[in-house]
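# Notes for the structure review
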Amino acid sequence: MLDKLLICTDLDRTLIPNGHQPLCPQAIPLFRKLVARPEIELAYVTGRDKKLVMDAIARFNLPVPDYAVTDVGSTVYHIQSDRWLRLIDWDQHICRDWKGKSRKDLAGFLFDLTQCQLQEEEKQGRYKLSYYVPLDINPGILADEIQLRIKPHGLQINTIWSIDEQKKTGLLDILPASADKREAIEFLMKTNSFDCDRTVFSGDSGNDIAVLLSPIKSILVANASPELKSQVQAKIGKTVSSKHLYIARGGYLNMNGNYAAGILEGIHHYFPELKSMD
């Protein structure tokens, strides 16, 4: 048996379609076959909450993961026999950054930022404050303004910007500084004795950049926006060796490299010994 491998992947526009690019019909069945191998542990790493992750699993017939990093990294679950066990160690790790304050307290500090519209209650999290923002806003200037309002209260925050292409709106998530996808993946790696050689991550959007530019083996699926591909490629050599990042381009098993097909292509690039997935 091969050494254990931790496969981490975003959901929307990475594993599953959410855009105009086509999904190869054989890709998700092949992905299910791959992650069913006994040496593989699977983690979904997503902006979705628990309910929306479960909805995606049912709708697309996805494999139930071993772990789910939800709410853009601010919540981590261990799934055992269909029981979703929230990891309190992770909550305790990140909550220190907010010094006992709640997301509603943070929203109160930012009440006069009229360009930010609170997302629906079900899209908020215990340690995630989420807004809709216009696409034409400068995210760097907005992040600086938020930091100015938060800093006097002594809180450490992480601002994450992404885009909902279908709704044509910007998404802003404010989390504890320790809560992001990379930190959550590294938490799983540490607690389960995985290193960077036996961990791989797949993503497609702005909130995946921290992992894509880390020493963790990463895959950028072919359907990622040209702007993100350019942004990531421009940073290669400054923050990470290209051997840690694979950009899917299609052709593997005659698939197009989009979504799950891109994940399989990247995993084959890093781990060609996993022959049974084709």
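A quick note: this is a predicted structure, and the numbers were derived from the prediction, not measured. Position labels on residues start from 1 in each chain and follow its written sequence. Restriction of local features to residues with pLDDT of at least 70 applies here, the model being predicted, together with a cutoff of 80 or more for giving and counting side-chain atom pairs; totals for whole chains, interfaces and linings are based on all residues. As a rule here, side-chain values come from all non-hydrogen atoms in the structure, and water together with hydrogens is ignored.

### A closer look at the packing of aromatic side chains
- Two rings belonging to Phe, Tyr or Trp (six-membered ring only in the last case) form a pair when the distance between their centres is within 6.5 Å. Interplanar angles under 30 degrees mark stacking, angles over 60 mark edge-to-face geometry, and anything in between is tilted. Inspection of every chain in the model, using the stated rule, returns four aromatic pairs.
- On the basis of an interplanar angle of 65° and a centroid distance of 6.0 Å, the ring pair of tryptophan 98 and tyrosine 127 is categorised as edge-to-face. Highlighted residues: tryptophan 98 in the loop between helix H3 (88–95) and helix H4 (103–109) and tyrosine 127 in the loop between strand S6 (117–118) and strand S7 (129–133), separated in sequence by 29 residues.
- Consider the rings of tyrosine 270 and phenylalanine 271, whose centres lie 6.3 Å apart with planes at 55°: the pair is tilted. Helical segments are the DSSP runs of H or I of at least four residues, strand segments are the runs of E of at least two, and each set is numbered from the N terminus.

### Things to note about the nonpolar core
- Grouping buried Ala, Val, Leu, Ile, Met, Phe, Trp, Tyr and Cys residues that are joined through side-chain atoms within 4.5 Å yields what is termed a nonpolar core. Summary of the burial criterion: residues with accessible area below 20% of their type's maximum are buried, those above 50% are exposed, and those between are partly exposed, where the area comes from a 1.4 Å probe applied to protein chains only. Tyr131, Ile146 and Ile174 are the most contacted members of the largest nonpolar core, which has 49 residues in total.
- Broken down by element, the residue count for this core peaks at five residues, all from helix H6 (residues 181–191).
- Filtering out sequence-adjacent residues up to four positions away, isoleucine 146 remains in contact with Leu110, Leu113, Ile157, Thr159, Leu172 and Ile174.
- Counting residues in hydrophobic clusters, the runner-up holds 40 residues, among them Ile40, Val200, Val221 and Met255. In what follows, a contact means two residues having at least one pair of non-hydrogen atoms within 4.5 Å.

### A few points about the layout of surface pockets
- A cavity here means a set of 1 Å grid points, computed over protein atoms only, where a 1.4 Å probe fits but cannot escape. A pocket is an open set with protein on both sides within 12 Å along at least 5 of 7 lines, and lining residues have an atom within 4 Å of a point. Grid points are joined across faces, edges and corners, and a volume is the space filled by probe spheres set on the points. When its volume is computed, the largest pocket comes out at roughly 840 Å³.
- Together, 33 residues line the largest pocket, and Asp12, Arg48, Leu52, Asp164 and Leu171 are the ones closest to its centre.
- Counting residues per element, the ones that place at least two in the lining of the largest pocket are helix H2 (50–60), strand S8 (157–164) and strand S9 (169–176).
- In this classification, the charged set is Asp, Glu, Lys and Arg, the nonpolar set is Ala, Val, Leu, Ile, Met, Phe, Trp, Tyr, Cys and Pro, and all remaining amino acids, among them Gly, are polar. Across the lining of the largest pocket, the residue classes break down as nine nonpolar, eight polar and 16 charged.
- There is about 570 Å³ of room inside the second largest pocket.
- Along the walls of the second largest pocket sit 24 residues, with Trp161, Ser205, Gly206, Asn207 and Ile209 positioned nearest its centre.
- Of all the secondary structure elements, the ones that give two or more residues to the lining of the second largest pocket are S8, helix H7 (209–212) and helix H8 (226–235).
- Residue contributions to the lining of the second largest pocket peak at six residues, all from S8.
- Of the residues in the lining of the second largest pocket, the class split is seven nonpolar, 10 polar and seven charged.

### A short note on the environment of glycine 170
- Mapped onto the elements, glycine 170 comes out in strand S9.
- Exposure remark for glycine 170: the relative accessible area of 0% places this residue in the buried category.
- The spacing of glycine 170 and histidine 269 is 99 residues in sequence and 33 Å in space, taken between C-alpha atoms.

### Here's the deal with the sheet that holds strand S3 (residues 67–70)
- Taken in spatial order, the eight strands make up an open sheet running S5-S4-S3-S2-S1-S10-S11-S12, and their pairing is mixed. Two strands bound the open sheet, and with one partner strand each, they are strand S5 (83–86) and strand S12 (245–247). For this sheet, the mean angle separating the axes of adjacent strands, direction not counted, is 20°.
- Here a strand pair is declared whenever DSSP counts at least two bridges between the two strands. Judged from the five bridges that link them, strand S1 (residues 5–9) and strand S2 (residues 40–45) form a sheet pairing that is parallel. Axis definition: a line fit to C-alpha positions, over the contact stretch in the case of helices; interaxial angles, taken between N-to-C directions, run 0 to 180 degrees.

### Considerations on the sheet that holds S9
- Within the open sheet, the four strands sit side by side as S6-S7-S9-S8. Their pairing is antiparallel. Two strands close off the open sheet at either side, each with one partner strand: S6 and S8.
- As judged from the two bridges shared by S6 and S7, these two strands associate in the antiparallel manner. Note that in S7 the partner of glutamine 117 across the bridge is tyrosine 132.
- Packing against the sheet, helix H5 (residues 139–150) makes contact with S7, S8 and S9, and its axis sits at approximately 150° to S8.

### Considering the side chain of lysine 181
- As for its placement among the helices and strands, lysine 181 is situated in helix H6.
- Not counting chain neighbours up to four residues away, the residues in contact with lysine 181 comprise Asp10, Val45, Thr46, Val72, Gly73, Asn207, Asp208 and Val211.

### Quick word on the packing of helix H1 (residues 27–35) against helix H9 (residues 259–270)
- At a minimum axis separation of 8 Å, H1 and H9 run at an interaxial angle of 45°. In terms of their interaxial angle, H1 and H9 are classed as oblique. Crossing of H1 against H9: the hand is left-handed. Along its contact with H1, which presents Ala27, Ile28, Leu30, Phe31 and Leu34, the element H9 presents Ala260, Ala261, Ile263, Leu264 and Ile267.
- When its residues are assigned to classes, the contact of H1 with H9 shows 10 nonpolar, no polar and no charged. Here roughly perpendicular refers to angles of 65 to 115 degrees, roughly parallel to angles under 35, roughly antiparallel to angles over 145, and oblique to all remaining angles. Left-handed describes a crossing whose near helix is turned anticlockwise from the far helix by less than a right angle; the clockwise case is right-handed.

Honestly, it's all geometry; don't read function into it.
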